[in-house]
Amino acid sequence: MSLMGSPGQTTTQNNGQYLGVTEPISLGGPSEFDHIKTAELEKFLVSAGLYESQEEAVRREEVLGRLDQIVKVWVRKISRSKGFSEQVVQEANAKIFTFGSYRLGVHGPGADIDTLCVGPRHATREEDFFIELYEMLAEMAEVTELHPIPDAHVPVMKFKFNGISIDLLYAKLSLWVIPEDLDISQDSILRNADEQTVRSLNGCRVTDQILRLVPNIQNFRTTLRCMKFWANRRGVYSNVAGFLGGVNWALLVARICQLYPNALPSMLVCRFFRVYTQWRWPNPVMLCAIEEGPLGLPVWDPRKNPRDRLHQMPIITPAYPCMNSSYNVSSSTLRVMTEEFQRSNQICEELELNKVGWNILFEPYPFFEAYKNYLEIDISAEGADDLRKWKGWIESRLRLLTLKIERQTFGMLQCHPHPDDFSDPQRPHHCCFFMGLQRKQGMPIQEGEQFDIRVTVDDFRHSVKMYTLWKPGMDINVSHIKRRNIPSFVFPGGVRPPRTTKMSGTAGRPNAVPSTGVSVSSHVAKSDTGLPDDELDGVSEVTSMGKRKRDKANEELVASKRASMLPLANGILTSNSEIVIAPAEPVEIQTSQTAEEVAITKITSGQGDGFGSPVEELDELDEYTTFVPMKTISEEQQKSMVDSVKSCPRNGQAKAIAAHSGSPVDKCENGSVEELEPVEELPGSGIILSNSKAETQRKPLIRLNLASSRNKTTDA
C-alpha cells in the first residue's frame, strides 16, 4: 500500500520500492530545458482556459455542502417513514463523496461534478433514492434539468444545482449507520453489496487509488489536464463513442508517471506518446498487480474469463475488484487512437528539438476534411425532454453500429465515429451524429468492389427502436453523404472552412507538422499524386520516388541529430536554446538511450505483467447481440470475401452476402421478409446503404466509391 502525497510531493511505497508493476524506465531528473518547456506548457494551458476561476471553485464547494445536507435530511425522512425509533432516526446518516476529474483536481470551467451518495442498508435505491430523493430535488428551485436514469449500467441521477452540473450515484452499504469518517477505500466496504453498489463505489475507490499510486500528484495533474485537452482537440475523448473517457486517460497518464517518477510534465507528455505509440495492445495497462481479493468478486483476467479476451485496449482499474475501464474500444477506434499517438509522437520529437511550439500538438482534428464518405445518423423527437432521452439512448448504441459494419464487411470497411453531436438551428428537437468511412488500408484494391451495409443499417435501426421509453415522434434516419455535402451547421459559426490542400494518406489526416525536416505521415500528400482529393481517402498509397527519397533523407537527418544529443535530463541549454553535448560523456549517453529503448520495448510488450497477449480472439458483438460468433478470418478468406462482393449485388444476391457475413435477413418491423431493392447499374464501386420501408422518406440506394482509380473523377 502506498501513501497519498500532497500536491508537488513525491510518494513511494512503504518498503521503499517503486510504484507500479515494473521498475521505472528512467529515474533521471529534469534539465533546465525541461523546466523551460514545462513553463511554456503551463502557460499554454492557462491561455486555453482550462482552469476555473476562484469564484467558480467556491460555488462548487457550496453546492457540494448543500447537497450533503440534503441527503442527510433525506435519510432521516425515510428512516422515520419506515417506523424506526427517534434515536435511530437521529443517528441515521448519508454522506457525499466526489470522484472523477473533480476529485483528481483536473476539472475545468463548467465541468460537471461526479458525486456518490452512500446510504445505510434500509435506504433502497429503487424506491428511496430514485423516488423519495428525486421528489425532494424536484421541489427545489435550485435544481433544474433533473433526469433520473435508474436502468443504466451504473444508475445515476443527473441535474444542475445552482447552475453546477451534478451526476449523483448511490451506494447502499450493509451498515445500519454511516459514520462521518467512513473510509470507502477498504475492501470490507463491499461485503454483501449488490452489483450496482459495487459499480457505483468503483469510481471513488479508483480515483483515490490513482492518487496513491502516482509519485508526484502535481506533475500528474498538469500532465493529465494536458492529455485531456489534447484528446478533446483530436476527437478521441469519449467513452461512449468507443474512445477513452476521463478515468481511462487518468490511468494511462498515471502509468507514465510511474515509469518516469522524477520527470516534469513537458517530458511526461512526450514520453506518453513515445510509450503508447509502441504499446502492443491488447497487453493491459496496469498501475498495480491484480488481486483476487477476499470477497470472491470477479476481476479482469483473460486467462480465466473468455469475455476479457475480446477487449481491444485493456486499461485496468487499480481498486478491487479490478476491471477493464475501456471495454468500449473497438478495432476502428483503436486504429484512430493509435494513429493519433503516432502523429503526436512525431510532433513531440520536434518539440524536443525545439523546432515547434505546443500549439502544434493541440491543433484540432479536421474530422470533416479527413474522409470523403460519411454516415449521418439523424435523430429527432417531439420535445426537448424526449430528444434528450432519445439522444442518450442512440448515443449509447452507436458503438454497436460500428461493430456491426466492421463485422459484416470482415473489417474491410472501417468507421471513425465523431464523439460529439450536432444540431441544426433551423430544426427544433433534432440532432445528428457522423461517422467517417474508409476502406481498410494495406489490402489490395478490387475494381468494382462494393460493400452492401443495408441489412446492417436496418438491423441497427430496428434494434434502437426497441427502446423501452420510446414514444411517437422519436425517429432515426441513417444516410450516406459525401464530404462536399456535409451540412454547414457542423462547422464553427455555420461557415464551411476552405479546403486544405495538403492531406496525408493515412486516414485522411492532415499534415499538421510544419516543414521542419520530419513529415507526420510517411505517405504522400494528396496534392503530390495528381489525383483528385476524392480519389484518396486513406486508400491510395501512391508515393513518388522523389518524395520517398526526401522523407528518408529527413528521417536520417533527424535521427542523426537525436543520436548526437544528450537526453533532456542531462542536456545543457545554451543561450540560443540549443542542447549541446558534454564532450566527456558520449558513451554513457548512447548507453542510456539504448537502455530506455530496451525498457520501453519490454514494458510495452507485456513482459512482467503476467498476462501477455491473449491467444484467442472472440466475437466483439457476443455480449451485445444474438448473432452467431465468428472465428478469426485468414487473409485468404478475406480475399475470397472481397471477391464475393466486388460486383454490385442484385436482387437476392444481397441476401446471400448478408447470410455469408452472419447478419440476419432484412426484416420489416412486422416480421415479414423485405426484398432488398435492386441496385441500378452505375459505373464505379462502393457501399450500398438503404433505409427501411418504415421510413417516411424515399428509400435511397447510395454508392460509396472507395476504390482508387485514375480514371474516376466524379464525387457521386
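Structure: above.
Numbering of residues starts from 1 in every chain and runs along the sequence as written. Selection of residues for local features in this predicted model requires a pLDDT of at least 70, selection of side-chain atom pairs for listing and counting requires 80 or more, and totals for whole chains, interfaces and linings are taken over all residues. Hydrogen atoms and water are omitted, and side-chain values are computed over all heavy atoms in the structure.

Draft legend 1. Up close: the pattern of salt bridges. Salt bridge, as applied in this entry: a Lys or Arg side-chain nitrogen positioned within 4 Å of an Asp or Glu carboxyl oxygen. The final tally for this structure, using the stated rule, is 32 salt bridges. Among the salt bridges present, the one from Arg103 reaches Asp208, with a minimum N-O distance of 3.0 Å. Here Asp208 lies in helix α6 (residues 195-213) and Arg103 lies in helix α4 (residues 100-104), a separation of 105 residues in the sequence. Given the relative accessible area of 25%, Arg103 is considered partly exposed. Across the salt bridge formed by Asp167 and Lys158, the nearest N and O atoms sit 3.1 Å from each other. For Lys158, a relative accessible area of 32% gives the class partly exposed. Helix and strand assignments follow DSSP, with helices taken as H or I runs no shorter than four residues and strands as E runs no shorter than two, numbered in order from the N terminus. A simple rule labels every residue: compare its accessible area, found with a 1.4 Å probe on the protein chains alone, to the largest value its type can have, and call it buried under 20%, exposed over 50%, or partly exposed in between.

Draft legend 2. Just the side chain of Lys228, in detail. Note on placement: Lys228 falls in helix α7 (residues 217-233). Counted as positive: Lys and Arg. Counted as negative: Asp and Glu, with His and the chain ends omitted from the count. In this structure, Lys228 is buried with no salt-bridge partner, the nearest side chain bearing the opposite charge being Asp114 at 7.9 Å. Residue contacts for Lys228: discarding those within four places in its chain leaves Ser101, Val106 and Tyr237. Contacts are residue-level and defined by heavy atoms, with any inter-residue pair within 4.5 Å sufficient.

Draft legend 3. Broad picture of unusual backbone geometry. Going from Trp281 to Pro282, the amide bond is cis rather than trans, its omega being 15°. Among the secondary structure elements, Pro282 is positioned in the loop between α9 (265-277) and α10 (331-352). Positive phi, close to 60°, is recorded for Asn354, a residue that is not glycine. Within the secondary structure, Asn354 sits in the loop between α10 and α11 (358-361). For Asn354, a relative accessible area of 30% corresponds to the partly exposed category. Unusually for a residue other than glycine, His429 sits at a positive phi of about 55°. Mapped onto the secondary structure, His429 falls in the loop between β7 (413-417) and β8 (430-439).

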